[in-house]
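Working through the structure, step by step
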Amino acid sequence: MNFLRGVMGGQSAGPQHTEAETIQKLCDRVASSTLLDDRRNAVRALKSLSKKYRLEVGIQAMEHLIHVLQTDRSDSEIIGYALDTLYNIISNDEEEEVEENSTRQSEDLGSQFTEIFIKQPENVTLLLSLLEEFDFHVRWPGVKLLTSLLKQLGPQVQQIILVSPMGVSRLMDLLADSREVIRNDGVLLLQALTRSNGAIQKIVAFENAFERLLDIITEEGNSDGGIVVEDCLILLQNLLKNNNSNQNFFKEGSYIQRMKPWFDVGDENSGWSAQKVTNLHVMLQLVRVLVSPTNPPGATSSCQKAMFQCGLLQQLCTILMATGVPADILTETINTVSEVIRGYQVNQDYFASVNAPSNPPRPAIVVLLMSMVNERQPFVLRCAVLYCFQCFLYKNQKGQGEIVSTLLPSTIDATGNSVSAGQLLCGGLFSTDSLSNWCAAVALAHALQENATQKEQLLRVQLATSIGNPPVSLLQQCTNILSQGSKIQTRVGLLMLLCTWLSNCPIAVTHFLHNSANVPFLTGQIAENLGEEEQLVQGLCALLLGISIYFNDNSLESYMKEKLKQLIEKRIGKENFIEKLGFISKHELYSRASQKPQPNFPSPEYMIFDHEFTKLVKELEGVITKAIYKSSEEDKKEEEVKKTLEQHDSIVTHYKNMIREQDLQLEELKQQISTLKCQNEQLQTAVTQQVSQIQQHKDQYNLLKVQLGKDNPHQGSYSDATQMNGIQPEEVGRLREEIEELKSNQELLQSQLAEKDSLIENLKSSQASPGTNEQSSATASAQDSEQIAELKQAKPAPVPGESEAVAAAKTTDVEGRLSALLQETKELKNEIKALSEERAAIKEQLDASNSTIAILQNEKNKLEVDVTDSKKEQDDLLVLLADQDQKIFSLKNKLKELGHPVEEEDELESGDQDDEEDEDEDNGKDQGPI
């Protein structure tokens, strides 16, 4: 206590160098004091100084603190103080207020001290071993210190932990700690550990992290939980984002189903705390991680399927249509639903069937489009609705057809009671808001994406411009707005729509060229020298004109390919045309839009390019350039090649159809053959059954005849042999044959009895397989009993002409033999019983010997363990002796340098040898002749 009082007095009285001296004294005390209490007090004092005098304590005390961690592990209190001090030195999370100009210096200090600490990887391994201690005063500061190290130099610390045996597994145990503060800080530690390291992410995932984290989220109340839920969700994001292996493991483990209760928020106007909004926002982002367009298509579709089957998509749509949902949650929900349905037909069909809870009910798509074309809605919400519409139409030709059909005359509601998706898109396309124009144009372009049928159908759409004037086609109205010189955003949107519409659709190109004003307008726009803002429009006009050339079927004589190319060369110049075409891909916003499908823009003026349109530009820019430079002869050759290829394709298609038809015929014939085989087998089975039934009827008939003969009294003398007892002569012969069979059966039984005698002798001689012999003997005796019973029942019938005395004698003989057989069988049973008892005794002896062997084996294993331990102790002693010799050698060298005389090892050894010889001589004298 006096020591600490002196430390505190020096801290308040002297200048800066006094604290440095105090810290030095404390470090000396930690290093040299033999009493544990003194060292503990010194470390506690260093801890109190470490926040204010971070640099001094870090420079002088870090080595001593690490030494304390290595040597004083038995005392949890001093270990806790040392860990807290190291944390204060390394961490940049200062509780006290600091000046702004010292913040950067503080961060540099933390990084430098972290580098010093991890320079020896054993320090990190030591820290990992300390985390196994259950003591709160050791485990908690250890978790905080390791988290701080990961924040400072994450990749280096991650690598040390990765190569450390069971390093990650030790940290996973923190999630199971019953003390919430350690568990929660363990989640933060794992966040820092898994950041941007795929190998550690996989190890953590396979250490059952998903199960534990989802359990914590459920215990804390899902979206209603506190910041712990947010931390768990961020850790789940780290584990799943851009990690296909973990995503597949998450899906296969049925963890997607456990996400559904997160979004059970109901239709409530209250209860949206700031933390709940944050939690739900991160939950939605986690769903998007699993169905991100950047994931492999197969993995994304399987997650989309699971989300529909477990009802997660339905739950999200409920939030989408609910009232009182905060704007940022609604926006993120729209983005999440977008990616859950993107490119997956089942989910897209379900989304098309969702209705908003209005009167009358309206489709969710229509309600969302109303928000998109409403300029009073927030910009991010309008972008989210556009993305949702794009995802609904992505690879969904059925949905594209439904949208386009709402624009066609036959499907428009004449009463005007309901607004369709097509009407909203047209209204947005021609409104005064340029952002609505752009969004509607891009949305309509997605309804035509890779769908030639809908491109042709859209040519039928007619628009009423004003009362008394004839209707105008949608294609013509778009070109009219272009020529009126509207805002750049509007013109860019319309040009992207027209380029998408005309690509891969010669009929649409013909309709576009049919208007004589379109080509002069495009050439005029491209040829002018305008400012940088107009260069993008010039590039898009060049792309549209190039599409009109490349997909031109030469059906209009005045606008054939060759004439259009001559027009470009005459009015624009081929090089100038190609240069203007290149303005598109060189635009600064082009590369940004080409990265992700989601239209994510900081403000409306950045909303220029659509992701799918950038893919179209990349596809067509090269082929249009080649088409412009091709001569007419090359075009003709190319057309001839195309025709040849088409003919070849038609021939191949014809043969494919023939092969397909033949395959179908073969399949039908194979099915017929298999059917006939089945029928044949059934008929054969029926014939066999009928034959067996006929035989049974014959046997029954013969038996009845025999019984009739026995029942009827004999009506004649014994001399009439042909009619004796009503039995025919052939039946008498058959009865004699049966008697002979009975005799042969008796002989067979006798031979079997002899076999049983030999079997019993074998049983007595060989006891190795008593169970088998017993079973066979039992079986044999059972067979004997059955045969004896048969003999009893089948007594020989009296033969006509034979006297009763002879018949009685035969019967007596048979009965005598039967009794002898029964006696022998009884003896066999007795012998078998004796053998069974002998077998049981042998088995008891065998069990006793087996138990003795097991006891001996256990003793042997214990002895082997003892031998191994003793070997390890010997090895440790040898290492200690080697270290001791090295220290002695270094001390001798120092003594020599100081000038002290030192005896050499050789002299000592020789001296030792002389002493040994003297001892031997003495022993020899003592052991003189007896």
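Residues numbered from 1 in each chain as written. Predicted model: local features only at pLDDT ≥ 70, side-chain atom pairs only at ≥ 80, totals over all residues. Heavy atoms only, no water.

Quick notes on the overall build of the chain
- A count of helices and strands for the chain gives 41 helices and 4 strands.
- Every one of the 930 residues in the chain was classed for burial, and the buried ones make up 40%.
- Restricting to contacts in the chain with at least 6 residues of sequence separation, those with at least 24 account for 71%.
- If you sum the accessible surface of the chain, you get close to 52,400 Å²; carbon and sulfur atoms cover 52% of it. (Helix = DSSP H or I, 4+ residues; strand = E, 2+ residues; numbered from the N terminus. Buried < 20%, exposed > 50% of the residue type's maximum accessible area, 1.4 Å probe, protein only. Contact = heavy atoms within 4.5 Å. Areas by Shrake-Rupley, 256 points an atom, 1.4 Å probe, with all protein chains shown as cover.)

Describing a negative patch on the surface
- Together, Asp757, Glu761, Glu824, Glu827 and Glu831 give the surface a local cluster of negative charge.
- If you list the elements that add at least two residues to the negative patch, you get α38 (729–765) and α40 (804–898).
- By residue number, the principal contributor to the negative patch is α40, which donates 3 residues.
- If you trace the backbone, Asp757 turns up in helix α38.
- Taking relative accessible area as the criterion, Asp757 reaches 44% and is therefore assigned partly exposed. (Patch = residues over 30% accessible without salt bridge, like charges linked within 9 Å, V, L, I, M, F, W, Y side chains within 5 Å. Salt bridge = Lys/Arg side-chain N within 4 Å of Asp/Glu carboxyl O. Lys, Arg positive; Asp, Glu negative; His and termini not counted. Charge placed at Lys NZ, Arg CZ, Asp CG, Glu CD.)

Remarks on the pattern of salt bridges
- Taken as a whole and judged by the stated rule, the model has 23 salt bridges.
- Here Asp177 and Arg179 are joined by a salt bridge, their closest N and O atoms 3.0 Å apart. You'll find Asp177 and Arg179 in the same group, each marked buried.
- Across the salt bridge formed by Arg288 and Glu332, the nearest N and O atoms sit 3.0 Å from each other. Residue Arg288 is found in helix α16 (residues 274–290), and its partner Glu332 is found in helix α19 (residues 327–341); the two are separated by 44 residues along the sequence.

Considering the packing of aromatic side chains
- Counted by the stated rule, this structure contains 12 aromatic pairs.
- An aromatic cluster is defined as three or more aromatic residues linked by ring pairs; in this entry it consists of Phe206, Phe210, Phe249, Phe250 and Tyr255.
- Sitting over the ring of Trp140, Lys144 keeps its end group 4.1 Å from the ring centre.
- A cation sits over an aromatic face here: Arg179 above Phe134, 3.9 Å from the ring centre. (Phe/Tyr/Trp six-rings, centres within 6.5 Å; stacked < 30°, edge-to-face > 60°. Lys NZ or Arg CZ within 6 Å of the ring centre and 35° of its normal.)

Concerning the packing of helix α28 (residues 488–502) against helix α31 (residues 532–550)
- Close contact between α28 and α31 brings their axes to 10 Å; oriented N to C, the two are set at 15°. Compared by their axis directions, α28 and α31 come out roughly parallel. Between α28 and α31 lies a crossing whose hand is left-handed. On α31, the residues touching Ile488, Arg491, Val492, Leu495, Leu498, Cys499 and Leu502 of α28 are Glu533, Glu534, Leu536, Val537, Leu540, Cys541, Leu543, Leu544, Ile547 and Ser548. (Axes fitted to C-alpha atoms, helices over the stretch in contact; angles between N-to-C directions. Parallel < 35°, antiparallel > 145°, perpendicular 65-115°, else oblique. Left-handed = near helix turned anticlockwise from the far one by under 90°.)

Details of the environment of Lys574
- Within the secondary structure layout, Lys574 lies in helix α33 (residues 574–581).
- Remark: the alpha-carbon pair of Lys574 and Tyr629, spanning 55 residues in sequence, is separated by 7.6 Å.
- Lys574 has contacts with Glu569, Ile628 and Tyr629, leaving out every residue within four places of it along the chain.

What about a nonpolar patch on the surface?
- Judged by side-chain polarity, Ile651, Tyr655, Met658 and Ile659 come together as a nonpolar surface patch covering roughly 390 Å² of accessible area.
- You can see Tyr655 is positioned in helix α37 (residues 632–711).

Topic: the confidence of the model for the chain
- Mean pLDDT for the chain: 83, with 83% of residues reaching 70 or above.
- The secondary structure element of the chain with the lowest average pLDDT is helix α1 (residues 2–13), at 38, and the one with the highest is helix α20 (residues 345–353), at 97.
- Of the regions scoring below 50 in pLDDT, residues 794–802 engages in 13 contacts with residues more than four places distant in sequence or in other chains.
- This model gives residues 906–912 a pLDDT under 50, and the stretch forms 2 contacts once residues within four places in sequence are excluded. (pLDDT = per-residue confidence, 0-100.)

Focus: unusual backbone geometry
- The linkage connecting Asn359 with the following residue, Pro360, adopts the cis geometry, with an omega of -5°.
- Position of Pro360 relative to the elements: it lies in the loop between β1 (355–356) and β2 (362–363).
- For Asn242, which is not glycine, the phi torsion reads 55° and is therefore positive.
- Its location among the elements puts Asn242 in the loop between α14 (227–240) and α15 (244–252).
- On the basis of relative accessibility, which here comes to 65%, the residue Asn242 falls in the exposed class.
- Located in the positive-phi region is Ser254, a residue other than glycine, with phi close to 60°.
- Residue placement: Ser254 occurs in the loop between α15 and α16.

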